[in-house]
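Coordinate analysis (summary)
Listed here are the chains, written in short residue letters.
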Amino acid sequence: MRNRATLRFHSILPILAIAAAFLIMPPAASAQTACSPTINSCGCTIVKPGSYKIGLAIDSTQGLTPAGACIEIASSFVILDGGKKTITGAGGGTPEGIGIWVHHPFRSVFLEGRGTVISGWDVGLLIQGRQVVADDFTANTNGTAGIELNNAEAVELTSPTAISNLNYGIWVKQTSISDITNSKTQTNGNVGLYVGCSNIGPTSSGCSSGPSPGNYIFTGGIAGNTNYGVALDIGAKQTIVTNQTLSGGTHNSKDDLFDANSSCGSNKWFANDSTATNNQAGGCIK
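Everything numeric here is computed off the predicted structure, so don't read it as measured data. (Residues numbered from 1 in each chain as written. Predicted model: local features only at pLDDT ≥ 70, side-chain atom pairs only at ≥ 80, totals over all residues. Heavy atoms only, no water.)

1. Some remarks on the sheet that holds strand E10 (residues 123-127)
The strand order across the open sheet formed by nine strands is E2-E5-E8-E10-E12-E15-E17-E19-E21, and the pairing between neighbours is parallel. Each edge of the open sheet is held by one strand with a lone partner, namely strand E2 (44-46) and strand E21 (255-259). Averaged over all pairs of adjacent strands, the angle between strand axes in this sheet comes to 5°, irrespective of strand direction. As paired elements, E10 and strand E12 (residues 145-150) share four bridges and run parallel to each other. Paired with Ile127 across the two strands is Leu149, which belongs to E12. (Pairing = 2+ DSSP bridges. Helix = DSSP H or I, 4+ residues; strand = E, 2+ residues; numbered from the N terminus. Axes fitted to C-alpha atoms, helices over the stretch in contact; angles between N-to-C directions.)

Pasting the structure below:
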């Protein structure tokens, strides 16, 4: 399984290098502020291929894009280095805005967090592109989700941490053939890692915005979420979930592992924490 992630990662980097040197994207709308190679404040959009780096801790008081984000990526062939910096929203009981937003249909984007912490937004990291690699981001105390993959494809989300978000830690919505590896999704207000498209969490009523098939979820810590640790809703087909553990923490209040598809459908669960609770009495969650 690791070969799929490795091959995709290596295939993106040469394209990024070539495109950054030669490809120029159309200019963005005049209302947008284009990001400079070193980003020292919120409120800009990356509109050209190339390498970018967050140079300072940045926050929402510095201004936002017209769409309400700190940093938007509206170009293919982009490398963004988070530089271990913080990206902080206004916070509060109903956080607003987006920390980093990778737009559809852009592709071949590489985000290296190096421990960058995104907090206080409605969604900390929103990925809607394809062939995107996002490594080592922490998204804590956000609203709808710490990290959201929405209408995305072929995303490699590696070593993400999503703790104490108000709703979902990581939300995979209308997204296919993507990998989430070495994640930590703990003490979130609804579900740690949710694959589906209901705004209120796992349901058996189907999905209105399209399925999320063919995703791989490998190695995660899922302790202490308010409802579920890992939950697959109707439409999450051909999904593999393996090596999800409580990591020495507490059980999730409803089920640690949940699959709304009868007998798990075409999903495969294996090598998960033997002490974890699950909703499939027939044994398809293992």
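2. Focus on the confidence of the model for the protein
Close inspection of predicted coordinates is inappropriate in any region flagged by low pLDDT. Here the protein averages 89 in pLDDT, and 85% of its residues register 70 or above. For the stretch residues 14-30, pLDDT sits under 50, and the model shows 22 contacts to residues farther than four places along the chain or on other chains. (pLDDT = per-residue confidence, 0-100. Contact = heavy atoms within 4.5 Å.)

3. Some words on the pattern of salt bridges
On inspection of all chains with the given rule, the structure shows one salt bridge. The closest approach of N and O atoms between Arg114 and Asp81, which form a salt bridge, is 3.0 Å. With a gap of 33 residues between them, Arg114 in strand E9 (residues 107-119) and Asp81 in strand E6 (residues 78-81) connect regions that are remote in the sequence. (Salt bridge = Lys/Arg side-chain N within 4 Å of Asp/Glu carboxyl O.)

4. Side note on the environment of Leu246
Within the element layout of this structure, Leu246 appears in the loop between strand E20 (240-245) and E21. A relative accessible area of 6% means that Leu246 is categorised as buried. Linking Leu246 and Ala223, residues 23 residues apart in sequence, is a C-alpha distance of 4.7 Å. Non-local contacts of Leu246, meaning those with residues more than four positions away in its chain, are made with Ile222, Ala223, His251, Asn252, Asp256, Asp273 and Thr275. (Buried < 20%, exposed > 50% of the residue type's maximum accessible area, 1.4 Å probe, protein only.)

5. Concerning the environment of Thr187
As for its position among the elements, Thr187 is in the loop between strand E16 (179-186) and strand E17 (191-195). Among residues more than four places away in sequence, those in contact with Thr187 are Ile163, Ser164, Ala223, Gly224 and Asn225.

6. A few points about the environment of Asn267
The topology assignment puts Asn267 in the loop between E21 and strand E22 (268-270). Among the residues examined, Asn267 registers a relative accessible area of 4% and is labelled buried. Expressed as a C-alpha distance, the spacing of Asn267 and Ile240, which sit 27 residues apart in the sequence, is 5.9 Å. Contacts of Asn267, omitting those with residues within four sequence positions, involve Leu232, Ala236, Lys237, Gln238, Thr239, Asp259 and Asn261. From its side chain, Asn267 meets the backbone nitrogen of Thr239 in a polar contact 3.0 Å long. (Polar contact = N/O pair within 3.5 Å; in protein donor to acceptor, adjacent residues only side chain to side chain.)

7. Examining unusual backbone geometry
Following His104, the chain continues to Pro105 via a peptide bond in cis, the omega torsion being 5°. Notably, Ser164 is not glycine yet its phi reads approximately 60°, a positive angle. By secondary structure assignment, the location of Ser164 is in the loop between strand E14 (161-163) and strand E15 (168-173). We note that Ile177 has phi near 35°; this positive angle belongs to a residue other than glycine. Considering the arrangement of structural elements, one finds Ile177 in the loop between E15 and E16. Given the relative accessible area of 34%, Ile177 is considered partly exposed.

8. A few points about the nonpolar core
Core analysis: the biggest nonpolar cluster contains 49 residues, and Ile46, Ile73, Leu80, Leu111, Leu125 and Ile127 have the highest contact counts within it. Here this core takes four residues from strand E11 (residues 130-140), the largest share from any one element. Apart from residues lying up to four places away in sequence, Leu80 is in contact with Ile39, Ile46, Tyr52, Lys53, Ile54, Ile73, Ile100, Phe110, Leu111 and Glu112. (Core = buried A, V, L, I, M, F, W, Y, C linked by side-chain atoms within 4.5 Å.)

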